[in-house]
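Here is how the chains run, residue by residue.
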Amino acid sequence: MNKKTIEALDVILKRVETIDLELQKDDTLKDIKLMTVLNKERASLEEKANKYIEYKKVEADINDAKEVLDKEKDPELRDLAKMQLEEANIQIEKIEQELELLLLPKDINDDKNVIFEIRGAAGGDEANIFAGDLFRMYSKFAEKNNWKIDVLDQNESTAGGFSQISFMVKGENVYSKMKFESGGHRVQRVPKTESKGRIQTSTATVAVLPEISDVEVEIKASDLRIDTYRSSGAGGQHVNTTDSAVRITHIPTGIVAASQDGRSQHDNKDKAMTMLRARVYEAELEKQNSEAANMRKNAVGSGARSEKIRTYNYAQNRVTDHRINLSLNKLDQVMEGNIDELITELINNAQKELIAQQIEQSS
């Protein structure tokens, strides 16, 4: 490893040792808030520190084996030292790779819940049906990961699926896995509405936003316009007779969020505010910081809704992610929520790009 990396790891290890000493002090034990802060910081550093300790131990084994080879004349001891050196060199190379990943800059949103927004785009009814298929795919993936889904707002299509659906996914490290799903998704298949059996290409757009708390983004009540209206189902049929649906407009930005699927007007207002905070947060990032504006523009593409990221070809049972040039001939499985392989490859690719950037910056 290079000198800068070693220095960074030394600082981390020293900080963990300092925290451990602080946690043993009587004054700290009496301060619950400080205890919480220190334990949280230690937890964030622990894996890196332990891996570095492991690295130092193997490094010492390498030095010991080299010393034996330099000084020892006994053939058996030299052979043993050679074998130990070979094993240690393999081991330390693996540890260095693991440390590289652990030291990558962490996305501050990775451990957050997410808000999905799926919309039928080009293709009319078929695009809306495909939007429904994507919602089902993500719902099944969430179920496999023991995540919870909460629908925030939806506009059902008369032909099936949704012209638009927004939903929250709650669980452990959801954003870290789902953030690469933002963008344009293209389907190639014979639509249910096609009588002549011709393959049609349709698209749906997906946006994945981290859930933002009211502490992270300030929205003044005076900047909001709140309208209520009657909830309606597919085709505009009223599903209740009270004005329980809520539409909130953030006047300074013109950003709008609505919800009609909650149990009450209060519930819909909470859901609409959750969506609004996420959208305002994203808009603020784009406005204030050009680097943060590319929150989703990394190794796997910008995640812009207009960007085609993946094609689902039903005739050939194939799904292709265009950002990493990966094709899998198991679309039927993917649509059942088995998207782990796609997500793992996207994460690995993003990590490789970050490592390459760090190497370039340090050279």
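The protein chain goes by Peptide chain release factor 1 in an unreviewed UniProt entry, where it is assigned to Spiroplasma helicoides. What UniProt states about the protein chain under its Function (unreviewed entry) heading is, verbatim, "Peptide chain release factor 1 directs the termination of translation in response to the peptide chain termination codons UAG and UAA."

K.L.:
Tell me about the overall build of the protein chain, and name the residues and values.
P.N.:
Along the backbone of the protein chain there are nine helices and 11 strands. Among the 363 residues that make up the protein chain, the fraction classed as buried is 40%. Long-range pairs, those at least 24 residues apart, make up 62% of the contacts in the protein chain with a sequence separation of at least 6. Here the protein chain has roughly 20,300 Å² of accessible surface; of this, 47% comes from carbon and sulfur atoms.

K.L.:
Account for the pairing of strand 7 (residues 245–250), naming residues and giving values.
P.N.:
The element strand 7 is extensively covered by neighbouring structure, given that five of its six residues are classed as buried. Sheet topology note: the strand 7/strand 8 (residues 255–259) ladder contains five bridges and is antiparallel. Counterpart to His250 in the pairing with strand 8 is Ile255. With antiparallel pairing between neighbouring strands as the criterion, strand 7 and strand 8 make up a hairpin whose turn holds four residues, including Gly254 at a positive phi of roughly 80°.

K.L.:
Account for the packing of helix 1 (residues 3–23) against helix 3 (residues 32–71), naming residues and giving values.
P.N.:
Running from amino to carboxyl end, helix 1 crosses helix 3 at an angle of 135°, the nearest separation of the two axes being 8 Å. The angle between helix 1 and helix 3 places the two elements in the oblique class. The element helix 1 and its partner helix 3 pack so that their crossing is left-handed. Note on element contacts: helix 3 touches helix 1 through Met35, Leu38, Asn39, Glu41, Arg42, Leu45, Lys48, Ala49, Tyr52, Ile53, Tyr55 and Lys56, opposite Ile6, Leu9, Asp10, Ile12, Leu13, Arg15, Val16, Ile19, Asp20, Glu22 and Leu23. Taken together, the residues of the contact of helix 1 with helix 3 sort by class into 14 nonpolar, one polar and eight charged.

K.L.:
Run through the sheet that holds strand 5 (residues 200–210), naming residues and quoting values.
P.N.:
Spatial ordering of the open sheet is given by 2-3-1-5-4-9-10-11, a layout of eight strands whose pairing is mixed. At either margin of the open sheet sits one strand with a lone partner, and together these are strand 2 (148–156) and strand 11 (326–328). Strand-to-strand twist across the sheet, computed as the mean angle between neighbouring axes with direction ignored, equals 15°. Bridging between strand 1 (residues 114–120) and strand 3 (residues 162–170) involves six bridges; their strand directions are antiparallel. If you follow Glu117 over to strand 3, its bridge partner there is Ser166. Across the sheet, helix 5 (residues 125–144) is in contact with strand 1, strand 2, strand 3, strand 4 (183–189), strand 5 and strand 9 (308–313); its angle to strand 5 comes to roughly 45°.

Rules of the game
Starting afresh in each chain, residues are numbered from 1 along the sequence in its written order. Residue-level local features of this predicted model are given only where pLDDT is at least 70; pairs of side-chain atoms are given and counted only at 80 or more, and the full residue set underlies all totals for whole chains, interfaces and linings. With hydrogens and water excluded, all non-hydrogen atoms of the structure serve as input to the side-chain values. UniProt positions are given in the numbering used here, feature names are shortened, and annotations may be inferred rather than shown by experiment. Each helix is a run of DSSP H or I of at least 4 residues and each strand a run of E of at least 2, with the numbering of both proceeding from the N terminus. Each residue's exposure class comes from its accessible area (1.4 Å probe, protein chains only) as a fraction of the maximum for that residue type: buried when under 20%, exposed when over 50%, partly exposed otherwise. Contacts: residue pairs with any heavy atoms within 4.5 Å of one another. The Shrake-Rupley method, run with a 1.4 Å probe sphere, supplies the accessible areas, and residue values consider only the shown protein chains as cover. Two strands are counted as paired when DSSP detects at least two bridges linking them. Lines fitted to C-alpha atoms define the axes here, with helix axes fitted over just the stretch in contact, and angles between the N-to-C directions of these axes take values from 0 to 180 degrees. Throughout this description, any angle smaller than 35 degrees is read as roughly parallel, any larger than 145 degrees as roughly antiparallel, any in the 65 to 115 degree range as roughly perpendicular, and the remainder as oblique. Note on convention: near helix rotated counterclockwise from far helix by under a right angle means a left-handed crossing. Clockwise means right-handed. When residues are sorted by character, Ala, Val, Leu, Ile, Met, Phe, Trp, Tyr, Cys and Pro go into the nonpolar class, Asp, Glu, Lys and Arg into the charged class, and all the rest, Gly among them, into the polar class.

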